[in-house]
Structures are given as C-alpha cells and as structure tokens.
Number of protein chains: 2
Amino acid sequence: MSLLVVGSVAIDSIETPWGKAKGVLGGSATYAALAARLWTPVALVAVVGDDFPKQALRLFDRKGIDRRGLLSLPGRTFQWKGRYQLDGQVRTLFLDLGVFEQFRPQLSKSLARVRHAFLGNIHPSLQLAVLNQLRAPKLTACDSRDHWIEQERSAFLKVLKKVDILFLNDAEARLFTGASNLVEATRALLRFGPRVAIVKKGEHGVLAASDGHFFSLPGYPVSRVIDPTGAGDAFAGTCLGLLASQKRKSWKALCQALLTASCTASLVIETFGPKRLIGLTKKDLETRVKGFCVFSGVTLS
Amino acid sequence: MSLLVVGSVAIDSIETPWGKAKGVLGGSATYAALAARLWTPVALVAVVGDDFPKQALRLFDRKGIDRRGLLSLPGRTFQWKGRYQLDGQVRTLFLDLGVFEQFRPQLSKSLARVRHAFLGNIHPSLQLAVLNQLRAPKLTACDSRDHWIEQERSAFLKVLKKVDILFLNDAEARLFTGASNLVEATRALLRFGPRVAIVKKGEHGVLAASDGHFFSLPGYPVSRVIDPTGAGDAFAGTCLGLLASQKRKSWKALCQALLTASCTASLVIETFGPKRLIGLTKKDLETRVKGFCVFSGVTLS
C-alpha cells in the first residue's frame, strides 16, 4: 500500500563538531520519503524552487519515489543552515523559506485516494488541509515542532483530532502537555486525539503509548553522532513505511516498526545529510536490527 | 555467598515537588544493603552516632543484615537534607557529616574473607582501604560521585585499578571521561581498569560495557517519581546481591541482574525514603520484571 509523504524539501548546510556539509539535500519530507521507500511505494508532496538541482529530482526517481506531487514554483528552494553543539542542540544560522511560503498542498485525485499518510513538520493548517483532502485514510501520522505547538496551538489541536499517530520529541511532548515526566507526557498526548503517541528521545530511544499499551526502547548505541539532521523524519518514515506495507496494524507490529525505525535513525546520524539513507538497503537494516537485539535483549517476533 | 556493603548510613530529610519526609533512614549503604538482602546474605560496614535510632538497628536485624561491621561512635549520625526539582536535580540544603568524618573502615577477620563487596559513594581512599583488606575478593564494585572524581582523581584512579565493576551516573561518566557521547563514555571507563562499566541514566535506563560486550536497557516506565533518593544505590545493591548469589558470572547474568536492578530502582522512587525497599519481596520484583519485559520487549532467559 502506498504512503503519502507531505513536508518540506530543502537545501541544507550543516555544521557539527565533526565537520561541515554545504548544500546537501534536506527537509522533513526528503528524509521521511527516503526512509519509507524501502518498505512501500512512496508519493512525495512538497514544493521546490526553480533552482532545485536536477540531480536531486533524478535521485527521487532512481529511488522509486513518485514525485508527481512535488510542485516546482518560480523562485528559490527552502534553504536552511544550522550548527549543532556537542550536546545535540541545534542553532539555526540562516533560514530562507523561498517558495515554501507558498506551499498549499493540493492532492490530485489519485493522491487523495492513497490510504496512508505521513505529515512532516509543517504548519498545522497545511497538515489539516491534507487530512481533509484524503478520501479514505486508513492510517495517518504527523510530526510537529515547538513553534507550532506554542504559536498555532488551536490548529495543532484540530490536526490531533484527525491523525492516528502523533510523533513528537521529548522537549515538544513536555512543552505541549505540561508534564515534566515523559511517561506521563507520552500517555497524556493520547487525550488530544491520536490513537498512538510516540515520543522520540534521541540517544535515549523512544516511548510509545496507546490505550492499554506502553512500549519503551533504548537508542541503538552510536558512539559518534556525526549529524543528527533528519533522524526524526527518517524514524517516522521507516515506521509509516513499514506499517503501510502490512495489512494488520497490531501493537506488536508497531513495536517492531519502532525498533527498525530506531535502527534507521542510528544509521542516518553516522554521516552528514541523507547520504547513508540514499544508499540504505533492507539488508543493512536487517544487520543492524540483529545487532540491536543483541545490545538490548529485545525480541519481538 | 555473602556481600559486603560499605558506605554511609544517614538520617535524611527530603523535599520533592510531591511532598516532604523528615528524619528517614538514608545513606548509600542503607539502600544498597536493603536491596541486596533479598538475594544474598549482607554484611553492612558503616558508622553511626550514638543518636542513631534503635528501631533502625532493629530494622537491619529484622531484614537479616549482619551489622557487626556497623560501628557506633559517640556523636551525631550523618545527616542530609535535600530538595529535588521537577527535573530530578537535587540541591543539598543541609549536611552534617557527624561521626562519618571519622569513618575508617576496619574489617574483622571474618568480614575480610567475604568474597563480594560493594563500595558505595565514599572517599576513594576509604574504598581503597577496604579493597586492600579483602583477603580473596571474587567480585568487587564501586560507585562514586562528581566531587571525588574532580577533587580526588588520583585516589579514584587507584580504586579503578582494583574493582571489577564501576557504577557511575551519566553526568559523572561524562565528567570523568571527557566524552559527551554516553556510549563512548561508557566504553571509555573500561580503559581505567574495571572489567565492567555501568552508566545509570535515571529515567532513561542504563548502559553497560565490558570487553566485547555492550548492553542498553530503557528505564521502567514510572509516571510519577516521588523521591529519587537512593535509587542508584538500590540499583547497585540489587545487581551485586544477585551476582553474589550466583556461581557463574556471565555477561547474560549481568544483563539479567541489571534488569532486576532497574525494577528495584523503579519501585524505590515511587515512595519517600527506603519505605518501599523495606517491605520489598522477591515476588514484588518478579511481578515488575514481568511487566518490564512486556513494556520493553526484552527477554533474557
């Protein structure tokens, strides 16, 4: 079953304590789509400017990502430059939304019939517009960020009434729920509508809650994080890609998807930009999943 | 096989966002001994003043803790008063070392022959003095804290050459190794001597490393932490108690001990002081371990 991936496609410049990368392919939809395409057919819905490199378009084609929903508008592509500190905190040095400011996702008839959707971190009113265009959604998920949670809370609340799965990171979950304890915060997210709440804790792993269920997974042990960019989007992309590929959406299937998603994220952060994700194979992931089970004692199958 | 538990026995007053407890039994050796006694005979080596409540001595007796190594000196018992913030950080409001300042652990002949020892957070030169008195140690472990790591580094380094297992929390491991990445920090601890390094991450669980092995466990999901006091000592006490009770010290046995130790710690923090630990049974722990395996997907047996 296909997966719609809606979000940003950008050009990133990244500085970390371990080096720099200039003008690499970025954006929430890019990372999510590149991760999800290993598991299910992916249709990308985003916008780029007329400066967007042809070779990046060809990359999407080569990876089997349907880009009929990738609009090209006259103007500049979304650009972001950020610098990570040793503790993983990031500071935005430069931001140019470019044509992304005019992004009003319009689904074609065929895209509106896609049953699974991941809405990356964009304005909640745009996420809502996509949700309202879906004809027969089976599983929908969204991510968000501190800015929307604080500044666009009412639109965000409307999104939460409609999505099945909510992804937030630890700081966002605390900010949104007001709960300092993360177990409490994860469970509290369910009260706002989603059937499943997933809280990403970076190096410390992930928490997931659903009515009557709770799951906790440590992070895959990575001893040198080169670039955290896109890890959360690749995580969500893997999770949705895997779930879209399966008929039965059980709690166990979700837990298994989170484990594989953690492994994807752990590979993404070991190199700059989406490089590792571009070359990633199912076999690479299987190897890492096996290692993860040894490191963590987890057996889910 | 018996376990020697060396450390502080104190009277604590604790304030947390959820309430207060005044004049409760505390100290690293208290928590470690109360946790370990479920699994193996425990001999306590510590010092108290002549103001130490008789009922606390009777408690040790009732719990089968050998207190022939618990010295009573004229003067006041170690007193500590602390206030925890919502984020789990603690501030010391009052500290009176009392007779603890004169603590120079002297093992009797029979105690010196005990094969297993846990050295709680005390001055590294005192930990070293105990290690040097042990006749035929089979498994030794120590904890420490930021103050000793920074101010008494050379004595601490000598301890690390002698102990088998080192317990530190995340901040201490970073401080001591200079590595910001916790996976790297955990592995780096091994270079200083111990065969096993265990890094406690509070709500985020625990990391453990040994030559060729790595293990990562999430925290048991506790939605309301009432009082974190003693959780780390109860964790180490459970771990050592379990290992002391087993003939074969395999990596798998250590991982299993860490899982049970995490469950002990999760129970300790749900009430003020050592209350939960005093009433704790193996059955309570078995129930929580089962729940933990469901929450985490971990199977070790």
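This is a predicted model, so every value here is computed, not measured. (Residues numbered from 1 in each chain as written. Chains lettered and ligands numbered in written order. Predicted model: local features only at pLDDT ≥ 70, side-chain atom pairs only at ≥ 80, totals over all residues. Heavy atoms only, no water.)

J.: So what about the interface of chain B and chain A? Which residues, and what values?
T.: How big an interface is tends to be expressed through the accessible area that disappears when the partners come together. Facing 29 residues of chain B, the contacting portion of chain A comprises 29 residues. Around 2200 Å² of area is buried between chain B and chain A when both sides are counted, 48% of it from carbon and sulfur atoms. Of all residues in chain B, His204(B), Ser223(B) and Phe295(B) bury the most surface against chain A, accounting for 22% of the area lost on that side. Where chain B touches chain A, the interface holds two salt bridges. Note that Glu203(B) and Arg174(A) form a salt bridge whose closest N and O atoms lie 3.4 Å from each other. Where chain B packs against chain A, one counts 13 residue pairs in polar contact (both at pLDDT 80 or more). (Contact = heavy atoms within 4.5 Å. Buried area = accessible area lost by both parts, 1.4 Å probe. Salt bridge = Lys/Arg side-chain N within 4 Å of Asp/Glu carboxyl O. Polar contact = N/O pair within 3.5 Å; in protein donor to acceptor, adjacent residues only side chain to side chain.)

J.: I'd like a rundown of the relation of the copies chain B and chain A, residues and numbers included.
T.: Relative to chain A, chain B is turned by 180° and slid 0.0 Å along the rotation axis, the superposed coordinates differing by an RMSD of 0.0 Å. Here the copies are linked by what is in effect a two-fold axis. Rotation axis and chain B: the residue whose C-alpha lies nearest the axis is Val298(B), separated from it by 2.0 Å. The fraction of interface residues of chain B whose copies in chain A are also interface residues reaches 100%, indicating that both copies meet through the same surface. (Least-squares fit on C-alpha atoms with pLDDT ≥ 70 in both.)

J.: Would you mind going over the pattern of salt bridges in detail, with residue names and values included?
T.: Inspection of the entire model under this criterion finds 22 salt bridges over all chains. Residue Glu15(B) is joined to Arg83(B) by a salt bridge in which the shortest nitrogen-to-oxygen separation is 2.8 Å. Of this pair, Glu15(B) sits in strand β2 (residues 10–16) while Arg83(B) sits in strand β6 (residues 79–84), and the two are 68 residues apart along the sequence. Because the salt bridges share partners, they merge into one network encompassing Glu15(A), Lys81(A) and Arg83(A). (Helix = DSSP H or I, 4+ residues; strand = E, 2+ residues; numbered from the N terminus.)

J.: Tell me about the sheet that holds strand β8 (residues 116–119) of chain B, and name the residues and values.
T.: Residues and elements named next belong to chain B. Spatially, β5-β4-β1-β8-β9-β10-β11-β12-β13 is the arrangement adopted by the nine strands of the open sheet, whose pairing is mixed. Every interior strand has two partners, whereas the edge strands, β5 (65–73) and β13 (213–217), have only one. Each strand of the sheet is rotated relative to its neighbour by a mean of 15°, with strand direction disregarded. As defined by bridge partners, strand β1 (residues 3–6) adjoins strand β4 (residues 42–49) across four bridges and the pair is classed as parallel. For leucine 4, the partnering residue across the bridge sits in β4 and is alanine 43. Here helix α2 (residues 54–62) sits on the sheet in contact with β4 and β5, set at roughly 155° to β5. (Pairing = 2+ DSSP bridges. Axes fitted to C-alpha atoms, helices over the stretch in contact; angles between N-to-C directions.)

J.: Can you break down the packing of aromatic side chains residue by residue, with the values?
T.: One pass over the structure, following the stated rule, counts 18 aromatic pairs over all chains. Ring geometry for Phe214(A) and Phe295(B): centres 6.0 Å apart, planes at 90°, overall edge-to-face. With Phe214(A) in strand β13 (residues 213–217) and Phe295(B) in helix α12 (residues 282–296), the pair connects residues from two separate chains. A relative accessible area of 18% means that Phe295(B) is categorised as buried. Geometrically, the ring pair formed by Phe167(B) and Phe235(B) is edge-to-face, given 6.2 Å between the ring centres and 85° between the ring planes. (Phe/Tyr/Trp six-rings, centres within 6.5 Å; stacked < 30°, edge-to-face > 60°. Buried < 20%, exposed > 50% of the residue type's maximum accessible area, 1.4 Å probe, protein only.)

J.: Describe in detail the packing of helix α10 (residues 251–268) of chain B against α12(B), supporting the description with residues and values.
T.: Residues and elements named next belong to chain B. Two numbers describe how α10 lies on α12: the axes approach to 9 Å, and their chain directions differ by 110°. The pairing of α10 with α12 is recorded here as roughly perpendicular in orientation. Contacts from Leu259, Thr260, Ser262, Cys263, Thr264, Ser266 and Leu267 of α10 reach α12 at Leu285, Arg288, Val289, Phe292 and Cys293. Along the lines of polarity and charge, the residues of the contact of α10 with α12 split into seven nonpolar, four polar and one charged. (Parallel < 35°, antiparallel > 145°, perpendicular 65-115°, else oblique. Nonpolar A, V, L, I, M, F, W, Y, C, P; charged D, E, K, R; others polar.)

J.: Can you lay out helix α4 (residues 124–133) of chain B for me, pointing to particular residues and giving the numbers?
T.: All names here are of chain B. Summarising burial for α4: seven of the 10 residues are buried, a large majority. Of all the residues in α4, the buried ones are Pro124, Leu126, Gln127, Leu128, Val130, Leu131 and Gln133. Here the buried face of α4 lies against β1, α3 (109–112), β8, β9 (139–143), α5 (146–151) and α6 (153–162).

J.: Help me get a handle on helix α10 (residues 251–268) of chain A, residues and values and all.
T.: With 18 residues, α10(A) should cover 26 Å at 1.5 Å per step; its first-to-last C-alpha distance of 25 Å lies within 8% of that length. With 16 of 18 residues buried, α10(A) lies mostly within the body of the structure. (Expected span 1.5 Å × (residues − 1).)

J.: How would you sum up the packing of helix α7 (residues 170–177) of chain A against helix α8 (residues 182–189) of chain A? Please name residues and give values.
T.: All names here are of chain A. Packing of α7 against α8 brings their axes to within 9 Å, and their N-to-C directions diverge by 65°. Classified by the angle their axes make, α7 and α8 are roughly perpendicular. Along this stretch, α7 crosses α8, giving a crossing that reads as left-handed. Residues Asp170, Ala173, Arg174, Phe176 and Thr177 of α7 touch α8, and the partners they reach there are Leu182, Ala185, Ala188 and Leu189. Counted by class, the contact of α7 with α8 contains six nonpolar, one polar and two charged residues. (Left-handed = near helix turned anticlockwise from the far one by under 90°.)

J.: Describe the environment of Thr177(A), naming the residues involved and giving the relevant values.
T.: Residue and element names in this part refer to chain A. With respect to the helices, strands and loops of the structure, threonine 177 is situated in helix α7. As for threonine 177 and arginine 191, which are separated by 14 residues in sequence, their C-alpha atoms are 9.7 Å apart. Residues within four places of threonine 177 in sequence aside, it is in contact with Ala185, Ala188 and Leu189. Only 2.8 Å separates the side chain of threonine 177 from the backbone oxygen of alanine 173, close enough to count as a polar contact. A distance of 3.1 Å separates the side chain of threonine 177 from the backbone nitrogen of alanine 179, its partner in a polar contact.

J.: I'd love a proper account of a positive patch on the surface, names of residues and values included.
T.: Taken together, the side chains of Arg115(A), Lys138(A), Lys247(A) and Lys249(A) define a basic patch exposed on the protein surface. Within the fold, Lys247(A) resides in the loop between α9 (231–244) and α10. (Patch = residues over 30% accessible without salt bridge, like charges linked within 9 Å, V, L, I, M, F, W, Y side chains within 5 Å. Areas by Shrake-Rupley, 256 points an atom, 1.4 Å probe, with all protein chains shown as cover. Lys, Arg positive; Asp, Glu negative; His and termini not counted. Charge placed at Lys NZ, Arg CZ, Asp CG, Glu CD.)

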